[in-house]
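Summary of the model geometry
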Amino acid sequence: MSQILVVVDHAEGAVKKPTYEMLTLAARVGEPSAVFIGPKDKGSEVAEAVKKYGAGTVYVVDDAELKGYLVAPKAEALQQIIEQVSPGAVLIASSAEGKEIAGRLAIKTGSGLITDAVDLEADGDTPVTTQSVFAGSYTVKAKVTRGTPIITVKPNSATPQEAEGAGTVEEVSVTVSDAAKGAQIVASQPRKATGRPELTEAAIVVSGGRGTGGKFEPVEDLADALGAAVGASRAAVDSGWKPHSYQIGQTGKTVSPQLYIAAGISGAIQHRAGMQTSKTIVAVNKDEEAPIFELVDFGVVGDLHTVLPAVTEEVKQRKG
Amino acid sequence: MKIAVCVKYVPDATGDRHFEDDKTVDRVGVDGLLSELDEYAVEQALQIKEKAESADDVEVTAICVGPEAAVDAVRKALQMGADQGVHVVDDAIAGSDAIATSLVLAKVIEKDAYDLVMCGMASTDGSMSVVPAMLAERLSLPQLTLASKVETQGDQVRIQRDGDVATEVVGGTMPLVISVTDQSGEARYPSFKGIMAAKKKPLETLSLSDLGVDAGDVGLSVAWTEVEETTARPPREAGEIVKDEEGSGAKALADFLAAKKFI
Ligand SMILES: Cc1cc2nc3c(=O)[nH]c(=O)nc-3n(C[C@H](O)[C@H](O)[C@H](O)COP(=O)(O)OP(=O)(O)OC[C@H]3O[C@@H](n4cnc5c(N)ncnc54)[C@H](O)[C@@H]3O)c2cc1C
Ligand SMILES: Nc1ncnc2c1ncn2[C@@H]1O[C@H](COP(=O)(O)O)[C@@H](O)[C@H]1O
């Protein structure tokens, strides 16, 4: 069985949930291994974390030389690891950066690329992916027919399954070309932590749109009562009420939570593209003709400014 | 300075989109248009041109790879203010994936010495968001991608990139590849003058052989990925919709959430 490389999704060495999901998917096709590109001194900590989800080998690439640049050096590092281990596939988290790394890597290694997989199964030792396309109206199964399959995987694509792996750390030194250093990060302003779950990983998302009129408290209070993440439509982002990192839809994030609550959002096709595959959909909108109601499992025609606070109260009471 | 803007012709997102029998996206039977997200790239290119000491120093070329009808996307870019257009059309291209598309685009771009290659953040149909990175790789250029702001000074470029954990400023030296997001600023509408002027602008049509691309390297049959099956998702079942009357809506919603075990 060949190794399936999972590129660890992490923040400064803190492993994120999509990593465990990808390891779980990887185990269906081959032997899951992890590639950690990050601070070297975090290597053993990361190895401890990923071995619980079946990672055999943990390739550690120190990012001291890489992190000041955009994307290209990471693609070079991965290319070198692929040449060393000839894996059966490479799985990368489907973030903006992940997809760009994957794009470069595909060209470098002459490999086919599949982006935004939501599931993975094995056909022999070939991974077969499932993708959701056209704003969630179709599902597509596909496989890579050339080179090393490079697959980017969306968050929430699998339930992480614990499995004991060896977690053997192998430090890899990579060389980064000058050409890869052409895009230099000259300043970085970290985003403030909200204390809420991460949008793409959350089980529940409560989103507000233009209908909030800029008053997001009702949305946020309900989110907090439910332990949910907060999202926004583009109209709310364009109005400056929330940063772009909150945006859900075609040019924002795609979420697929257990429960999605849209408040004051009309349900434009571009918004749907980012939330249509949510398991349960709820909307609160004062216009009963709003297209969002075509998607909902439950809808309330009413003013969000009165309905949401009342729901929040109910939730708090019932949760005790 | 020479700027190439990559513009894609896509099926109208508000129309019904579907697959053809060969599992490729039906691009013939539906109305198409210049991908809205590429209008932002055209806009940023035009702004660079307008900010230049002399607008004549900057030449903006709109490049599109796509079927006959896709020439509309180039025309729209010309109407907005691009100086010239290139349309690559060849039967062999049909069904090409991002890998083949980036190959063809790279060949067009290599024909000229462009200082900037500008793209949209994603195609509104395929939405893989990988062509700009692939182009950068093929052209051995740095990529300043997903820019919500673009600034140029001489041959220096700085962009703002709003990532998940941080907002970054990324800098590089031309030539390089840029992609811009829909946060980069409203794209202009073509003016009447622009529409008239576009009719006289040079528009070159190229085939694969003009570019020296082997037809065997593009198209559906050589795609590096293979679609096994496509399934239309069953429409969602109509849900329950209640009108809020004096708090009844909140109560009903809370009941629903409780029944679904969310509370
Ligand atoms: C290329 C492109 C990409 C795009 N990408 C995205 C994207 O990623 N995400 C996205 O969301 N959009 C995107 N859009 C924009 C999209 O087309 C819509 O314009 C946007 O989603 C509308 O946001 P909205 O629903 O908040 O606002 P509106 O459409 O204005 O709807 C507001 C809703 O609030 C309701 N309302 C008003 N007041 C109240 C109240 N007091 N209580 C309850 N309800 C109330 C109204 O009835 C209405 O239905 C994109 C558009 C384009 C062209
Ligand atoms: N066929 C094409 N012709 C011209 N430009 C394209 C084409 N396909 C993709 N692009 C460019 O690449 C960007 C990203 O596309 P994609 O990777 O398909 O999401 C688009 O916004 C365009 O700028």
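Just above sits the structure.
We now turn to the structure provided with this report. (Residues numbered from 1 in each chain as written. Chains lettered and ligands numbered in written order. Predicted model: local features only at pLDDT ≥ 70, side-chain atom pairs only at ≥ 80, totals over all residues. Heavy atoms only, no water.)

The next point concerns the interface of chain B and chain A. The partner chain A presents 83 residues to the 78 residues of chain B that form the contact. Here chain B meets chain A over a buried area of about 6900 Å², counting both sides, of which 58% is carbon and sulfur. At the boundary of chain B and chain A, one finds seven salt bridges. With its nearest N and O atoms 2.5 Å apart, the salt bridge here joins Arg234 of chain A to Asp182 of chain B. On the surface where chain B and chain A come into contact, there are 30 residue pairs in polar contact (both at pLDDT 80 or more). (Contact = heavy atoms within 4.5 Å. Buried area = accessible area lost by both parts, 1.4 Å probe. Salt bridge = Lys/Arg side-chain N within 4 Å of Asp/Glu carboxyl O. Polar contact = N/O pair within 3.5 Å; in protein donor to acceptor, adjacent residues only side chain to side chain.)

Once that is clear, we can look at the site of ligand 1. Residues in close proximity to ligand 1 total 28 residues, the closest being Arg210, Ser233, Ile248, Ser266 and Gln270 of chain A. Flanking ligand 1 are residues from chains A and B. For ligand 1, an oxygen atom lies 2.7 Å from a polar atom in the side chain of Asn285 of chain A. A distance of 2.9 Å is found between a nitrogen atom of ligand 1 and a backbone nitrogen or oxygen belonging to Leu304 of chain A. (Near = heavy atom within 4 Å.)

This part is about the packing of aromatic side chains. Throughout the structure, instances matching the rule amount to two aromatic pairs over all chains. Seen from their ring centres, Phe298 of chain A and Phe256 of chain B are 4.8 Å apart, and the 20 degrees between their planes marks the pair as stacked. Taken together, the residues span two chains, with Phe298 of chain A in strand S17 (residues 298-301) and Phe256 of chain B in helix H7 (residues 248-259). Its relative accessible area of 3% is what places Phe298 of chain A among the buried residues. Among the residues examined, Phe256 of chain B registers a relative accessible area of 12% and is labelled buried. (Phe/Tyr/Trp six-rings, centres within 6.5 Å; stacked < 30°, edge-to-face > 60°. Helix = DSSP H or I, 4+ residues; strand = E, 2+ residues; numbered from the N terminus. Buried < 20%, exposed > 50% of the residue type's maximum accessible area, 1.4 Å probe, protein only.)

All names here are of chain A. A cluster of acidic side chains, namely Asp41, Glu45, Asp62 and Glu171, defines a negative patch on the protein surface. Checked against the element boundaries, Asp62 lands in strand S5 (residues 57-62). Judged by its relative accessible area of 32%, Asp62 falls in the partly exposed class. (Patch = residues over 30% accessible without salt bridge, like charges linked within 9 Å, V, L, I, M, F, W, Y side chains within 5 Å. Areas by Shrake-Rupley, 256 points an atom, 1.4 Å probe, with all protein chains shown as cover. Lys, Arg positive; Asp, Glu negative; His and termini not counted. Charge placed at Lys NZ, Arg CZ, Asp CG, Glu CD.)

Once that is clear, we can look at the site of ligand 2. All names here are of chain B. Around ligand 2 lies a shell of 19 residues, among which Cys6, Asp38, Val65, Ser123 and Ser129 are the nearest. Within the backbone of Met128, a nitrogen or oxygen atom sits 3.3 Å from an oxygen atom of ligand 2. With respect to ligand 2, the backbone of Ser129 contributes an N or O atom lying 2.8 Å from an oxygen atom. In isolation ligand 2 has 480 Å² of accessible area, and contact with the protein removes 96% of it. Put simply, the parts of the chain that give the shell around ligand 2 at least two residues each are strand S4 (59-65), helix H3 (98-110), strand S6 (116-120) and helix H4 (131-139). With three residues, S4 is the single largest residue contributor to the shell around ligand 2. For the shell around ligand 2, the residue count by class is twelve nonpolar, five polar and two charged. (Nonpolar A, V, L, I, M, F, W, Y, C, P; charged D, E, K, R; others polar.)

Here the focus is the sheet that holds strand S11 (residues 203-206) of chain B. Strands sit in the order S12(A)-S9(B)-S8(B)-S7(B)-S10(B)-S6(B)-S1(B)-S4(B)-S5(B)-S11(B) across an open sheet of ten strands; the sheet is mixed. In this open sheet, the two edge strands, each paired with only one partner strand, are strand S12 (184-190) of chain A together with S11 of chain B. Across the sheet, the axes of successive neighbouring strands diverge by a mean angle of 30 degrees, strand direction being ignored. Its contacts with the sheet put helix H2 (residues 71-80) of chain B on S4, strand S5 (84-88) and S11 of chain B, and the angle it makes with S5 of chain B is roughly 170 degrees. Contacts between H4 of chain B and the sheet are confined to strand S1 (2-6), S6, strand S7 (143-153) and strand S10 (176-180) of chain B, with S6 of chain B contributing the most and set at about 160 degrees to the helix. (Pairing = 2+ DSSP bridges. Axes fitted to C-alpha atoms, helices over the stretch in contact; angles between N-to-C directions.)

Our next topic: helix H2 (residues 43-51) of chain A. All names here are of chain A. Among all positions in H2, only Gly43, Val46, Ala47, Ala49 and Val50 are buried. Down the axis, H2 shows its buried residues gathered within 165 degrees of arc, on one side only. Where H2 is buried, its residues touch strand S3 (14-15), helix H1 (17-29), strand S4 (31-38), S5 and strand S11 (168-171). (Arc of directions from axis to C-beta.)

Now for the pattern of salt bridges. Residue and element names in this part refer to chain A. In the structure shown here, the tally under the stated rule is 28 salt bridges over all chains. Of the charged contacts, one joins Asp224 and Arg196 as a salt bridge, the two residues approaching to 2.7 Å between their closest N and O atoms. Residue Asp224 is found in helix H5 (residues 217-226), and its partner Arg196 is found in the loop between S12 and strand S13 (204-208); the two are separated by 28 residues along the sequence. We classify Asp224 as partly exposed; its relative accessible area is 43%. By relative accessible area, Arg196 is classed as partly exposed at 22%.

Before going further, it helps to examine the packing of helix H4 (residues 96-109) of chain A against H4 of chain B. Where H4 of chain A contacts H4 of chain B, the axes come no closer than 8 Å and their chain directions differ by 40 degrees. Taken as axis vectors, H4 of chain A and H4 of chain B run oblique relative to one another. Taken as a pair, H4 of chain A and H4 of chain B cross one another with a handedness that is right-handed. Of H4 of chain B, the residues touching H4 of chain A (which contributes Glu100, Gly103, Arg104, Ala106, Ile107 and Lys108 of chain A) are Ala133, Met134, Ala136, Glu137 and Arg138 of chain B. (Parallel < 35°, antiparallel > 145°, perpendicular 65-115°, else oblique. Left-handed = near helix turned anticlockwise from the far one by under 90°.)

As a further point, take the sheet that holds S13 of chain A. Paired through their backbone hydrogen bonds, the strands of a sheet run either parallel or antiparallel. Spatially, six strands are ordered S14(A)-S13(A)-S15(A)-S16(A)-S17(A)-S13(B) in an open sheet, and the strand pairing comes out parallel. Either end of the sheet is taken by a strand with one partner, and the two such strands are strand S14 (229-232) of chain A together with strand S13 (240-243) of chain B. Within this sheet the neighbouring strands show an average axis-to-axis angle of 15 degrees, counted without direction. In the sheet, strand S16 (residues 280-285) of chain A pairs with S17 of chain A via four bridges, with the strands oriented parallel. Among the inter-strand pairings, Val282 of chain A is bridged to a residue of S17 of chain A, identified as Phe298 of chain A. Sheet strands in contact with H5 of chain A are S13, S14 and strand S15 (259-263) of chain A, and its direction is about 175 degrees off that of S13 of chain A. Docked against the sheet, H7 of chain B engages S15, S16 and S17 of chain A together with S13 of chain B, running at close to 170 degrees with respect to S17 of chain A.

Our focus in this paragraph is a nonpolar patch on the surface. Residues Phe192, Ile195 and Met196 of chain B make up a contiguous nonpolar surface patch of about 300 Å² in total accessible area. In this structure, Met196 of chain B sits in helix H5 (residues 192-198).

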